[in-house]
Amino acid sequence: MFSKETYVNRRAELKKLVKSGVIILFGNNESPANFPANGYYPFRQDSTFLYYFGQQRDGLVGVIDINNDIETLVGDDIDIEDIVWYGSVDSVHDMAEQVGVANTAPMKTLKTICNNALANHRKVHFLPPYRHDIKIQIFDLLGIHPNQQKESASMPLIKAVVKMRSTKSAEEIAQLEDAATIGYKMHTTGMRTTKPGLTEKYVAGQIDGICHSYGSMVSFPTIFSQHGEIMHGNPSMAVLESGRLVLCDAGGENMEHYCSDNTRTYPVNGKFTQRQLEIYSIVEACHDYVLEVAKPGVKYADVHFAVCRLMFDRLKELGLAKGDTEEAVKAGAHAMFLPHGLGHMMGLDVHDMENLNQINVGFDEETRPNLEQFGTNCLRMGRRLEEGFVVTDEPGIYFIPALIDDWKASGHCKEFLNFDKLETYKDFGGIRIEDDVLITKDGCRFIGKDRIPYHPKDVEEFMANN
């Protein structure tokens, strides 16, 4: 938890931005796995509640009455039976005091607060809910059906939260650096463990175990697969085979729930083949190019397409692509190889604030993505960069057999792609390299004091010596 003043100042700024009405920020509740007492799923507090109220206990709601300048932490104290099983925790009054909130109230009063606001025709601001129990609670409190809650959520509140959470303070950057250390330990453990004969699931389990040892939880389910062409390839019981590449996309949350997100692709046997190096070197160049062009004032959509042009030029050298690069990228031919965006916002969420709708988080009026074009419709971040933004840099090249077959059959972008050559890469898989980037005053830099090896010689040397 940060200082009391941090949360006081954040709420004060939020009140200025939203201007009037009553803000309700819902914390999360426990999510049992298969019966009420089996809390298999680790408790994870809502990120926006954390940002403004700081407390990680379940069953809390923050209420901010802007016009009357009243802040209330709503929640029930735990009873003696819970104390017997789980130990004592701070009272709601003590938790409120820790984050500079003057008032507390039991949960049953939340209905009264909402009824009073509605009776006086005051706007009740809430964010789009993503958990079914919160949707039911909003239905009970405000009478808005769950199917209508996304549209009924407060746009002034969404815009205010996005504005504030997008720019990371110095204390937040320190937390992201801490999360990056966990990510470094996770990925180097994966590299150290990987060898022919083990299963994908075994190595992924070792990676996840490191995170649980040093942080609160993984920031997303670990991707570890020899089928790197599958964007979110879950680790399976498949045995790791010599000569193949494995893609590891993993990250951890630290104890304050700030996230890391890195991807590395490396040979199962520790040695790249020449064919693998040819593709890998293109992804490596695209990854490093971001450090040259990403800076305040530059649209991240422009960085994405600059990377796409570089990638397409290099693929033409290998005979996989052809034609005018500008026209090819305009037509979306690059999406045969890179069907996703270059990156996304990072922070308290690995896809920061994605529950507020990616259009609101990653874009504005001048950078709306083309939702009709394959690949471009998957961009998550296109806004002009500002100092303090943290974004991922994650170019990749993938050879997806079904996509190759589909485009070849339809003739899509045939003037820009050599389908005969693509046929010979159907067994290749995919390569992605990803790091988290902080936008600085004059440019950008990687988050994390220790670099997870990604240059080919460094990868081979690390795997050989560890």
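Residues numbered from 1 in each chain as written. Predicted model: local features only at pLDDT ≥ 70, side-chain atom pairs only at ≥ 80, totals over all residues. Heavy atoms only, no water.

Asks: What is the right way to read the sheet that holds strand β8 (residues 245-250) from this model?
Replies: Backbone-to-backbone hydrogen bonds join strands into a sheet, with any given pair of strands oriented parallel or antiparallel. In spatial order, the strands read β7-β8-β10; together these three strands make up an open sheet with antiparallel pairing. The sheet is open, and its two edges are formed by β7 (223-225) and β10 (262-267), each paired on a single side. When the angles between neighbouring strand axes are averaged without regard to direction, this sheet yields 10°. (Pairing = 2+ DSSP bridges. Helix = DSSP H or I, 4+ residues; strand = E, 2+ residues; numbered from the N terminus. Axes fitted to C-alpha atoms, helices over the stretch in contact; angles between N-to-C directions.)

Asks: Is there a simple way to think about the side chain of Gln-55 in this case?
Replies: Tracing the backbone shows Gln-55 in the loop between α2 (47-53) and β2 (60-65). A polar contact of 3.0 Å, which involves the side chain of Gln-55, links it to the backbone oxygen of Met-95. (Polar contact = N/O pair within 3.5 Å; in protein donor to acceptor, adjacent residues only side chain to side chain.)

Asks: What's the story with the nonpolar core in this structure? I'm lost.
Replies: Grouped burial of nonpolar side chains is what soluble globular proteins tend to show. Grouped together as the largest cluster of nonpolar side chains are 134 residues, with contacts concentrated most on Leu-14 and Phe-337. With near-sequence residues (within four places) excluded, Phe-337 lies in contact with Met-311, Phe-312, Leu-315, Leu-320, Gly-396, Ile-397, Tyr-398, Phe-399, Leu-417 and Leu-422. (Core = buried A, V, L, I, M, F, W, Y, C linked by side-chain atoms within 4.5 Å. Buried < 20%, exposed > 50% of the residue type's maximum accessible area, 1.4 Å probe, protein only. Contact = heavy atoms within 4.5 Å.)

Asks: What should I look at first to understand empty space enclosed by the protein in this one?
Replies: One way to see where empty space is left: roll a probe the size of a water molecule over the atoms. Here the structure, examined in full by the defined rule, presents three cavities of 30 Å³ or more. Lining the largest cavity are 15 residues, with Phe-26, Asp-46, Pro-129, Tyr-130 and Ile-134 sitting closest to its centre. Only β1 (22-26) and α6 (132-142) provide two or more residues apiece to the lining of the largest cavity. Classifying every residue of the lining of the largest cavity by side-chain character gives nine nonpolar, four polar and two charged. Volume-wise, the second largest cavity comes out at about 60 Å³. What lines the second largest cavity is Phe-2, Tyr-7, Arg-10, Leu-50, Tyr-51, Gly-54, Glu-256, Tyr-258 and Leu-348. Among the elements of the structure, α1 (4-18) and α2 are those that each provide at least two residues to the lining of the second largest cavity. A per-class count over the lining of the second largest cavity returns six nonpolar, one polar and two charged. (1 Å grid on protein atoms, 1.4 Å probe; cavity = no way out; pocket = protein on both sides within 12 Å on 5 of 7 lines; lining within 4 Å. Points joined across faces, edges and corners; volume = space filled by probe spheres on them. Nonpolar A, V, L, I, M, F, W, Y, C, P; charged D, E, K, R; others polar.)

Asks: Any chance you could explain the pairing of strand β3 (residues 70-75) here in plain terms?
Replies: Looking along a regular strand, one sees the side chains alternate between the two faces of the sheet. Judged by how many residues are buried, β3 sits mostly within the fold: five of six residues are covered. For β2 and β3, the ladder comprises six bridges, and the chain directions are antiparallel. Considered in β3, the bridge of Leu-60 is made with Gly-75. Where β2 hands over to β3, the hairpin turn is made up of four residues, of which Asp-69 adopts a positive phi near 50°. Where β3 and strand β4 (residues 103-105) come together, three bridges link them in parallel fashion.

Asks: Sorry, what's going on with helix α17 (residues 456-465) here?
Replies: Note on helix geometry: an α-helix contains 3.6 residues per turn, so any two residues three or four positions apart are oriented the same way. Every buried residue of α17 is listed here: Pro-456, Val-459, Glu-460, Phe-462 and Met-463. Angularly, the buried residues of α17 cover 165° about the axis, an arc narrow enough to put them on a single face. In α17, the exposed positions angled more than 90 degrees off the buried face are occupied by Lys-457, Ala-464 and Asn-465. Those residues of α17 that are buried are in contact with α9 (170-193), β10 and α11 (274-293). (Arc of directions from axis to C-beta.)

Asks: Could you clarify how one ought to interpret the pairing of β8 in this entry?
Replies: With six of its six residues buried, β8 lies for the most part within the structure. Side chains of β8 alternate between two faces, with Leu-245, Leu-247 and Asp-249 and Val-246, Cys-248 and Ala-250 buried alike. Sheet topology places β8 next to β10; six bridges connect them, and they run antiparallel. In the strand pairing of β10, Asp-249 is matched with Thr-263.

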